[in-house]
Amino acid sequence: MGRFMSEEYKLVVENLYKIFGPKPKEAMHLVKQGWHKDDILAKTGHTVGVQDANFAIRPGEIFVVMGLSGSGKSTLVRMLNRLIEPTSGSVKIDGRDITRMSKNELIQMRRSDMSMVFQSFALMPHKTVIDNAAFGLEASGVPREKRRARSKEALEAVGLGAWLNSYPHELSGGMKQRVGLARALATDPAILLMDEAFSALDPLIRTEMQDELIELQQRDQRTVVFISHDLDEAMRIGDRIAMMEGGRVVQVGTPEEIVSNPADDYVKSFFYGVDVSQVFAAGDIATNKQVTVIQRPGVDVSAALARLREHDREFGIVVDRNRAFQGIVSAEGLNRAKDSGGEDRWSAAFEEGVQSVPRDKPLNEVMGLVADSRWPVPVVDGEGRYVGSISKTALLQTLNKAG
């Protein structure tokens, strides 16, 4: 019985192993006894490429597999479409185990359900851009007009609509990789495998391609498995990240979870010097430690002032009955409003210039506001409801915790 039984998953990997060598069963026996891969190599000459990988990927997710060279990430991704045959374990797509598929079923799955983008552009120099993009469809026997129409659509999606009849030698490196991406998209796959797809590009073009991938996901969500050794890339594009070491998947989590709670020193070593302000959002560090006052009939500024005094706080967060954020009041402002004698004493009590921030706003865009604010910066959800606030202390603790 599998550990991932929920129908919410698109791709499920369970107990997946790959051992390279002529007698993998002999090596598997030693793996199960707890032998280290180096000792297995010395004794049997077999290499443990992937060892007991387990994870599940949701539809529409960008799932990044990262690790150092030799960690097993490229072997792992090639087992997902059986370019490399697993030694044991299962890879299920929509509940179908590809390790049990016949050759014809496997070919059909690769043509219709799963496409792959490699680091090398692998374009044919004698073919035009549109014919390069159509190559996979051509191999599947799709009629010429239909495949050219689908390829044109895919090329337009990656910003190459004006280059359909150009040849690869006329394109920059970034444009060539866009053709490779369009070729994968032309078959309209549910799952896109990307093995170090942007590694050969210079940094600026690489960032553009990452942005392009995220934009494509917003338009037409696919399940993307993205192999990378680059921490910044994983953080920018990954909904979740699987960290690999020595053939093992040592941790799976969101960028925030992995930065905040690395599973071991290997994972922690990746984040030395990482800029957490680009990883966390405002909602990740907002707390509910501030005094809140519910503005409703029968509750006036005197009651709010009493609450602040009771908790020895200078500022209070005012919300309505639905927790919609209304503003911030201070003890000084409440005293001033109480003495004003006006009918709407709440209006007189609110601090001016208060800015709330959405919970998904990147922390690096919030830091200046927190630093310059006299009060904790309120954080709200998409409906304007108060979810917490960020104090200077909480911000400094977050930055300090991440080193």
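Residues numbered from 1 in each chain as written. Predicted model: local features only at pLDDT ≥ 70, side-chain atom pairs only at ≥ 80, totals over all residues. Heavy atoms only, no water.

- The chain carries the name Quaternary amine transport ATP-binding protein in an unreviewed UniProt entry, which gives Aquisalimonas asiatica as its organism.
- As its UniProt record puts it under Subunit (unreviewed entry), the chain is described as follows: "The complex is probably composed of two ATP-binding proteins, two transmembrane proteins and a solute-binding protein."
- Looking at the Catalytic activity (unreviewed entry) heading of the UniProt record, one finds this comment for the chain: "a quaternary ammonium(out) + ATP + H2O = a quaternary ammonium(in) + ADP + phosphate + H(+)". (UniProt positions renumbered as here; feature names shortened; annotations may be inferred.)

1. What about the nonpolar core?
Okay, so step 1: Within the largest apolar cluster, 60 residues are counted, with the highest numbers of intra-cluster contacts made by Leu155, Leu181, Met194 and Ile390.
Okay, so step 2: No other element matches helix α8 (residues 173-186), which puts seven residues into this core.
Okay, so step 3: Among the domains, domain 1 (60-78 + 102-274) and domain 2 (292-400) are the pair contributing at least three residues each to this core.
Okay, so step 4: Core analysis: the second largest hydrophobic core is formed by 28 residues, Ile57, Val65, Val91 and Met114 among them. (Core = buried A, V, L, I, M, F, W, Y, C linked by side-chain atoms within 4.5 Å. Buried < 20%, exposed > 50% of the residue type's maximum accessible area, 1.4 Å probe, protein only. Helix = DSSP H or I, 4+ residues; strand = E, 2+ residues; numbered from the N terminus. Domains from an automatic or database assignment.)

2. Some thoughts on empty space enclosed by the protein
Rolled over the atoms, a probe with the dimensions of a water molecule shows which regions are left empty.
Okay, so step 1: This model, assessed by the stated rule, comprises one cavity of 30 Å³ or more.
Okay, so step 2: Counted as a void, the largest cavity has a volume near 50 Å³.
Okay, so step 3: Lining the largest cavity are Leu181, Leu185, Leu192, Leu213, Leu216, Gln217, Asp220, Arg222 and Val224.
Okay, so step 4: With three residues, the single largest contributor to the lining of the largest cavity is helix α9 (residues 203-219). (1 Å grid on protein atoms, 1.4 Å probe; cavity = no way out; pocket = protein on both sides within 12 Å on 5 of 7 lines; lining within 4 Å. Points joined across faces, edges and corners; volume = space filled by probe spheres on them.)

3. Describing the sheet that holds strand β13 (residues 325-330)
Okay, so step 1: With mixed pairing, the three strands of this open sheet are ordered in space as β11-β12-β13. The sheet is open, and its two borders are formed by β11 (291-294) and β13, each paired with just one other strand. Adjacent strand axes in the sheet meet at a mean angle of 30°, parallel and antiparallel pairs treated alike.
Okay, so step 2: As paired strands, β11 and strand β12 (residues 315-319) are joined by four bridges and run parallel to one another. (Pairing = 2+ DSSP bridges. Axes fitted to C-alpha atoms, helices over the stretch in contact; angles between N-to-C directions.)

4. Section: the environment of Ala371
Okay, so step 1: When you line up the elements, Ala371 lands in helix α17 (residues 367-372).
Okay, so step 2: A relative accessible area of 48% places Ala371 in the partly exposed class.
Okay, so step 3: Once the C-alpha coordinates of Ala371 and Thr187 are considered, the two residues, 184 residues apart in sequence, prove to be 50 Å apart.

5. Some words on the packing of aromatic side chains
Okay, so step 1: For the structure on display, the rule yields four aromatic pairs.
Okay, so step 2: Centre to centre, the rings of Phe198 and Phe226 are 5.4 Å apart; their planes meet at 55°, and the pair counts as tilted. Separated by 28 residues along the polypeptide, Phe198 in the loop between β7 (191-195) and α9 and Phe226 in strand β8 (residues 223-228) bring together distant segments of the chain. Judged on exposure class, the residue Phe198 and its partner Phe226 are both buried.
Okay, so step 3: Between the aromatic rings of Phe315 and Trp375, the centroid separation amounts to 5.8 Å while the plane-to-plane angle is 75°, which identifies the pairing as edge-to-face. In this pair, Phe315 is assigned in strand β12 and Trp375 in the loop between α17 and β15 (377-380), connecting sequence segments 60 residues apart. Each member of the pair, Phe315 together with Trp375, is buried. (Phe/Tyr/Trp six-rings, centres within 6.5 Å; stacked < 30°, edge-to-face > 60°.)

6. Considering the layout of surface pockets
Okay, so step 1: Each pocket or cavity is described by its volume, and for the largest pocket that value is around 720 Å³.
Okay, so step 2: What lines the largest pocket is a set of 26 residues, among which Met235, Arg236, Ile237, Gln278 and Val279 lie closest to the centre.
Okay, so step 3: Of all elements in the fold, only α9, α10 (231-237) and α11 (255-260) reach the threshold of two or more residues within the lining of the largest pocket.
Okay, so step 4: Tallied by class, residues from the lining of the largest pocket come to eleven nonpolar, seven polar and eight charged.
Okay, so step 5: One number sums up the size of the second largest pocket: a volume of about 610 Å³. (Nonpolar A, V, L, I, M, F, W, Y, C, P; charged D, E, K, R; others polar.)

7. Let's talk about the sheet that holds strand β10 (residues 248-253)
Okay, so step 1: Pairing within the open sheet is mixed, and its six strands lie in the order β6-β7-β8-β3-β9-β10. For this open sheet the edge positions go to β6 (114-117) and β10, each flanked by a neighbour on one side alone. Neighbour-to-neighbour, the strand axes of this sheet turn through a mean angle of 20°, independent of strand direction.
Okay, so step 2: Two strands pair when backbone bridges link them, and strand β9 (residues 240-245) and β10 are joined in this way by five bridges, in the antiparallel orientation. Its bridge partner lying in β10, Ala242 is registered against Val252.
Okay, so step 3: Across the sheet, α9 is in contact with β3 (62-66), β7 and β8; its angle to β8 comes to roughly 160°. (Contact = heavy atoms within 4.5 Å.)

8. With respect to the pairing of β7
Okay, so step 1: Counting buried positions along β7 gives five out of five residues, so the element sits mostly inside the fold.
Okay, so step 2: Burial of the side chains of β7 extends over both faces: Ile191, Leu193 and Asp195 are buried on one face and Leu192 and Met194 on the other.
Okay, so step 3: In this structure, β6 lies alongside β7, joined through four bridges in parallel fashion. Residue pairing in the sheet places Met116 in a bridge with Leu193 of β7.
Okay, so step 4: Relative to β8, β7 runs parallel, the two being bridged by five bridges. For Met194, the partnering residue across the bridge sits in β8 and is Phe226.

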